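Listed here are the chains, written in short residue letters.
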Protein chains: 2
Amino acid sequence: MIRRELVEQIKLKKTALCVGLDTDIEKIPSHLLSESDPLFAFNKAIIDATADHCVAYKPNIAFYEAHGVKGWESLKKTIDYLNSDYPNHFTIADAKRGDIGNTSKMYAKAFLETLGFDSITVAPYMGEDSVVPFVREKGKWVILLALTSNKGSSDFQRLPMQAGGDLYSSVLTKSQEWVEDDQLMYVVGATHPKAMKSLRNQVPNHFFLVPGVGAQGGTVEDVMVNGMNSEIGLLINSSRGIIYASSQTDFAEAAQREAKILSQKMAKFI
Amino acid sequence: MIRRELVEQIKLKKTALCVGLDTDIEKIPSHLLSESDPLFAFNKAIIDATADHCVAYKPNIAFYEAHGVKGWESLKKTIDYLNSDYPNHFTIADAKRGDIGNTSKMYAKAFLETLGFDSITVAPYMGEDSVVPFVREKGKWVILLALTSNKGSSDFQRLPMQAGGDLYSSVLTKSQEWVEDDQLMYVVGATHPKAMKSLRNQVPNHFFLVPGVGAQGGTVEDVMVNGMNSEIGLLINSSRGIIYASSQTDFAEAAQREAKILSQKMAKFI
């Protein structure tokens, strides 16, 4: 999905919500466990219930790989369902990959071609030749980790560099030379409202994928105020707060309700 | 596999060789393409031919994921075969994972439990709470990226920090506080011989997993001279140079020959 289409969807639906599919067999309602593929049955119900209130879905690949081959089957069914029934939703493989060139190329193939996601999250530690192989045709995106939402983001990302600025700031500066603006987004956690403002000043044009709203403590209002640009420029993710809003048979309705509440908070700013 | 057992195997076989299974459907001999699972058929032949001349195997996960569900089936067959027929070989899931705590926990489950590898490579960018969930029972290992073998290692890993030292040096210092010595190894590329010497001084006790010998330009002699410690402390990886030594029906014999040559170079120092 190219940038213009994504911006149109956000303005049309008045939401920047991304629903994170961190689908955990131990947390989904027990009545789904008798299904032949419980993870996919859960995802399908969540997607059908929330599609009107979000613009993107983000399966968290770890939760599928934990089940080995069976988990990859659930992942494939999920992305196939999104691509066939919800082609106007942006899809993110939350995979945090990154390796030497020939290997990153294989990960790009896995997620952007074999599975057919619009985008993949990428870790920057190994530098340019680990990131560039993820760049493919227009409409496919690299979403590079800049400043993540977790406590450990202070361990390296926020360390001051001798040349000035923190490490994440170097990631922003260098990566803009490697990838064109409309194929590159950054992960910026909702848990750093002040840093998000200065990050937005440093990177005025790029989309931010923002985790950390809800369970991790960030608020939608802070993100909209500090992170928005003239094209909105935000995908705000919520996973647990939406998909586990209820552990009973009403889980899909509960997810819809939570997605709607988050979207209404965003609509005030769009 | 615990440290004592690994050191014993290295001394017994007089080799620190790790064979990298970067198994690419476009590079394996064409007569294997009629097999029901060409990737596994290739791996099985390579493993049987090289097992006497190495102490470890390292499937590169990207090469399997590029084929989706089918690729994960080949990966599972490969690790199952290693665990059943070659229990004295150390196994490495070269996956370069790392995410927030609940997600790293799922990746740890995927590779160390569901698939049953001895170890997994982990990227440090997201800090302590992204690394610690990979620590499990004794005999399971975290192999953390420190200074990688690729050109992009100069983009961030070798940037000087305001507090002194390069970024990779901060990774070494902090991570030693997070994980015990005998469950933690570091990735140190063979392409930085001088840095390897200073790294070994900073980290005298830990095993290094060393990529970059052969196709990437590093030499066994430099690695042994600069990287060895009193318990050897090295796993030296070669992938392409061994597994693609021949693209004909003699590929397994050719792989054996190359593995033997590399091991003989190591034996002089062990």
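Counting restarts for each chain: residues are numbered from 1 in the order of the written sequence. As they are written, the chains are lettered A onward and the ligands numbered 1 onward, keeping that order. It should be noted that, the model being predicted, local features are given only for residues of pLDDT at least 70 and side-chain atom pairs only at 80 or more, the latter also being counted only at that level, while totals for whole chains, interfaces and linings use all residues.

### A short note on the overall build of chain A
Step number 1: Note on conventions: DSSP H or I runs of at least 4 residues are helices, E runs of at least 2 residues are strands, and numbering of each starts at the N terminus. A tally of helices and strands in chain A yields 11 helices and eight strands.
Step number 2: Structurally, chain A occupies a C-alpha span of about 55 × 45 × 35 Å along its principal axes.
Step number 3: With C-beta atoms placed from the backbone, a residue counts as buried when 20 or more other C-beta atoms lie within 10 Å of its own, as exposed when 12 or fewer do, and as partly exposed for counts between those limits. Taking all 270 residues of chain A together, 56% fall into the buried category.
Step number 4: This entry defines residue contacts through backbone-placed C-beta atoms, with two residues in contact when those atoms are within 7 Å. Here the analysis covers contacts within chain A between residues at least 6 apart in sequence; of these, 70% occur between residues at least 24 apart.

### Here we look at the interface of chain B and chain A
Step number 1: Facing 51 residues of chain B, the contacting portion of chain A comprises 51 residues.
Step number 2: Only helix 3 (61–65), helix 4 (68–85), strand 3 (90–97), helix 5 (101–114), helix 6 (128–131) and helix 7 (167–178) of chain B provide two or more residues apiece to the side of chain B that touches chain A.
Step number 3: Counting residues per element, the side of chain B that touches chain A draws most heavily on helix 5 of chain B, which supplies seven residues.

### Comments concerning the nonpolar core
Step number 1: Only buried residues count toward a nonpolar core: Ala, Val, Leu, Ile, Met, Phe, Trp, Tyr and Cys, linked into one set through C-beta atoms within 7 Å. By size, the foremost hydrophobic cluster in this structure holds 184 residues, and its most contacted members are Leu144(A), Ala146(A), Ile236(A), Leu144(B), Ala146(B) and Ile236(B).
Step number 2: Excluding residues that lie within four positions of it along the chain, Leu144(A) makes contacts with Val122(A), Pro124(A), Val131(A), Val171(A), Ser175(A), Leu184(A), Tyr186(A) and Val187(A).

### Regarding the pairing of strand 5 (residues 141–147) of chain A
Residues and elements named next belong to chain A.
Step number 1: Most of strand 5 is tucked away, with seven of its seven residues classed as buried.
Step number 2: In this sheet, strand 5 lies alongside strand 4 (residues 119–122) in parallel orientation, the contact comprising four bridges. Across the sheet, the residue bridging to Ser119 is Trp141, located in strand 5.
Step number 3: Think of it like this: strands point away, you trace from the first strand over the helix to the second, and a clockwise trace means the crossover is right-handed. Regarding topology, helix 7 (residues 167–178) serves as the crossover connection from strand 5 to the parallel strand 6 (residues 184–188), and that connection is right-handed. Paired strands, as defined in this entry, are two strands with at least two bridges between them according to DSSP.

### Observations regarding unusual backbone geometry
Step number 1: For Lys14(A), which is not glycine, the phi torsion reads 50° and is therefore positive.
Step number 2: Secondary-structure assignment places Lys14(A) in the loop between helix 1 (3–13) and strand 1 (17–21).

### Notes on the sheet that holds strand 8 (residues 234–238) of chain A
All names here are of chain A.
Step number 1: Strand order in the closed barrel made by the eight strands is 1-2-3-4-5-6-7-8, with parallel pairing throughout. Pairwise comparison of adjacent strand axes, ignoring direction, gives a mean angle of 30° for this sheet.
Step number 2: Pairing between strand 6 and strand 7 (residues 207–210): three bridges, direction parallel. When the sheet's bridge partners are listed, Val187 is paired in strand 7 with Leu209.
Step number 3: In this fold helix 9 (residues 220–227) packs onto strand 6, strand 7 and strand 8, with an angle of close to 165° to the strand it touches most, strand 8. To get an axis, a line is fitted to the C-alpha atoms, and for a helix only the part in contact is used. The angle between two axes follows their N-to-C directions and goes from 0 to 180 degrees.

### Description of the relation of the copies chain B and chain A
Step number 1: Rotating chain B by 180° and moving it 0.0 Å along the rotation axis overlays it on chain A with an RMSD of 0.0 Å. The two molecules are tied by a two-fold rotation axis, judged by turn and shift.
Step number 2: Comparing interface residues between copies, 100% of those in chain B also lie at the interface in chain A; the contact surface is shared. The copies were overlaid with a least-squares fit restricted to C-alpha atoms from residues scoring a pLDDT of at least 70 in each copy.

### Regarding the confidence of the model for chain A
Step number 1: Here chain A averages 97 in pLDDT, and 100% of its residues register 70 or above.
Step number 2: Prediction confidence for the complex, expressed as pTM and ipTM, is 0.98 and 0.98 respectively. Values of pLDDT, the confidence the predictor places in each residue, fall between 0 and 100.

### Structural notes on the sheet that holds strand 4 (residues 119–122) of chain B
Residue and element names in this part refer to chain B.
Step number 1: Strand order in the closed barrel made by the eight strands is 1-2-3-4-5-6-7-8, with parallel pairing throughout. For this sheet the average axis-to-axis angle between neighbouring strands, irrespective of direction, equals 30°.
Step number 2: On top of the sheet, helix 7 reaches strand 5 (141–147) and strand 6 (184–188); it is set at about 155° to strand 5, its chief contact.
Step number 3: Along the sheet, helix 9 (residues 220–227) contacts strand 6, strand 7 (207–210) and strand 8 (234–238); its crossing angle with strand 8, the most-contacted strand, is approximately 165°.

### Some thoughts on the pairing of strand 2 (residues 56–59) of chain A
Residue and element names in this part refer to chain A.
Step number 1: Here strand 2 shows two buried faces, one formed by Ala56 and Lys58 and the other by Tyr57 and Pro59.
Step number 2: As paired elements, strand 1 and strand 2 share four bridges and run parallel to each other. Paired with Val19 across the bridge in strand 2 is Tyr57.
Step number 3: Each parallel crossover has a hand, and the one from strand 1 via helix 2 (residues 38–50) to strand 2 is right-handed.
Step number 4: As paired strands, strand 2 and strand 3 (residues 90–97) are joined by two bridges and run parallel to one another. Its bridge partner lying in strand 3, Tyr57 is registered against Thr91.

### Overview of the environment of Ile25(A)
Residues and elements named next belong to chain A.
Step number 1: Among the structural elements, Ile25 can be located in the loop between strand 1 and helix 2.
Step number 2: Classification of Ile25 as partly exposed rests on a count of 15 C-beta atoms within 10 Å.
Step number 3: Along the backbone, Ile25 and Phe208 are 183 residues apart, and their C-alpha atoms lie at a distance of 29 Å.
Step number 4: Not counting residues up to four positions away in its chain, the partners in contact with Ile25 are Pro38 and Leu39.

### As for the environment of Tyr244(B)
Step number 1: In this fold, Tyr244(B) is placed in the loop between helix 10 (240–243) and helix 11 (251–267).
Step number 2: Each C-alpha atom, one on Tyr244(B) and one on Leu167(B), is 34 Å from the other, the two residues being 77 residues apart in sequence.

### Observations concerning helix 8 (residues 193–202) of chain A
Residue and element names in this part refer to chain A.
Step number 1: Among the residues making up helix 8, those that are buried are Ala195, Met196 and Leu199. Projected down its long axis, helix 8 shows its buried positions confined to an angular sector of 105°, all on one face. In this structure, helix 8 carries Lys194 and Asn201 as exposed residues pointing more than 90 degrees from its buried face. To be clear, the arc concerns the directions from the helix axis to the C-beta atoms.

### Examining the packing of helix 4 (residues 68–85) of chain A against helix 4 of chain B
Step number 1: For the pair helix 4 of chain A and helix 4 of chain B, the least separation of the axes is 9 Å and the interaxial angle reads 175°. The orientation of helix 4 of chain A with respect to helix 4 of chain B, classified from their angle, is roughly antiparallel. Taken together, the residues of helix 4 of chain B that come into contact with helix 4 of chain A (itself represented by Gly68(A), Val69(A), Trp72(A), Glu73(A) and Lys76(A)) are Gly68(B), Val69(B), Trp72(B), Glu73(B) and Lys76(B).
Step number 2: Three classes are used: nonpolar for Ala, Val, Leu, Ile, Met, Phe, Trp, Tyr, Cys and Pro, charged for Asp, Glu, Lys and Arg, and polar for all others, with Gly counted as polar. Partitioned by chemical class, the residues of the contact of helix 4 of chain A with helix 4 of chain B number four nonpolar, two polar and four charged. Each angle gets one of four labels, with under 35 degrees taken as roughly parallel, over 145 as roughly antiparallel, 65 to 115 as roughly perpendicular, and the rest as oblique.

### Details of the packing of helix 9 of chain B against helix 11 of chain B
Residue and element names in this part refer to chain B.
Step number 1: Running from N to C, helix 9 and helix 11 cross one another at 35°; their axes reach a closest spacing of 9 Å. For the crossing formed where helix 9 meets helix 11, the hand is right-handed. Residues Val220, Glu221 and Met224 of helix 9 form the contact with helix 11, whose participating residues are Leu262, Lys265 and Met266.
Step number 2: Partitioned by chemical class, the residues of the contact of helix 9 with helix 11 number four nonpolar, no polar and two charged. Here is the rule for handedness: rotate from the far helix to the near one, and if that takes an anticlockwise turn smaller than a right angle the crossing is left-handed, while a clockwise turn gives right-handed.

### Re the environment of Leu145(B)
Step number 1: Its location among the elements puts Leu145(B) in strand 5.
Step number 2: Ignoring anything within four residues of it in the chain, the contact list for Leu145(B) reads Tyr125(A), Lys96(B), Thr121(B), Ala123(B), Pro124(B) and Val187(B).

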